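# Survey of secondary and tertiary structure
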Amino acid sequence: MPAYEFAVKVRTQYLAEQSNPERDQYVFSYTITITNTGTIAAQLISRHWVITDANNVVQEVNGLGVVGHQPLLQPGQQFEYTSGTQAATPQGSMKGEYFCVAEDGHRFEVPIPEFVLAQPGALH
């Protein structure tokens, strides 16, 4: 029985040089490592993000692939990419899912656990 599983690891960084707190612009990067922990090759087709700032303003983002790629991952293979987002508050969070298709045609979703975006010193 094939297993359809991807593992997702996230690292975030506050980009002070691109941010402008006086104008409520806080820029963050996030680096995501996706690993095919299943038993069958699968391709990441699209993504859905839910981005929430400290004022509970929610922004949803949908799109094909990640950073212009739709990686096909063999079992055990990884794909890493870095992207970014801007928020109106010094902290917020992101979560979402990837939509994938295995080489046998099976479609599945990979949840992206919620992670925190925070300007250093913003969390008390």
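Below, the structure is looked at part by part. A quick note: this is a predicted structure, and the numbers were derived from the prediction, not measured.

Procedures and definitions
Residues numbered from 1 in each chain as written. Predicted model: local features only at pLDDT ≥ 70, side-chain atom pairs only at ≥ 80, totals over all residues. Heavy atoms only, no water. Phe/Tyr/Trp six-rings, centres within 6.5 Å; stacked < 30°, edge-to-face > 60°. Helix = DSSP H or I, 4+ residues; strand = E, 2+ residues; numbered from the N terminus. Buried < 20%, exposed > 50% of the residue type's maximum accessible area, 1.4 Å probe, protein only. Salt bridge = Lys/Arg side-chain N within 4 Å of Asp/Glu carboxyl O. Polar contact = N/O pair within 3.5 Å; in protein donor to acceptor, adjacent residues only side chain to side chain. Contact = heavy atoms within 4.5 Å.

### Regarding the packing of aromatic side chains
The final tally for this structure, using the stated rule, is eight aromatic pairs. Ring centres of Tyr4 and Phe108 lie 5.7 Å apart, and the angle between their planes is 40 degrees; this geometry places the pair in the tilted category. Pair noted here: Tyr4 is in the segment before β1 (6-14) and Phe108 is in strand β8 (residues 107-118), with a separation of 104 residues, a long-range link. Overall, Phe108 belongs to the buried group, its relative accessible area being 10%.

### Some points on the pattern of salt bridges
With the rule as written, the count across this model stands at one salt bridge. Here Arg11 ties to Glu80 by a salt bridge, and the two come within 3.8 Å at their closest N and O atoms. You can see Arg11 sitting in strand β1 and its partner Glu80 sitting in strand β6 (residues 78-87), a full 69 residues away along the chain. By relative accessible area, which is 48% here, Glu80 ends up partly exposed.

### Points about the side chain of Asn36
Among the structural elements, Asn36 can be located in strand β2 (residues 26-36). At a separation of 2.9 Å, a polar atom in the side chain of Asn36 contacts the main-chain amide nitrogen of Gly38. Within polar-contact distance, the side chain of Asn36 engages the backbone oxygen of Leu73 at 2.8 Å. Excluding residues that lie within four positions of it along the chain, Asn36 makes contacts with Glu5, Phe6, Ala41, Ala42, Leu73, Gln74, Pro75, Gly76 and Gln77.

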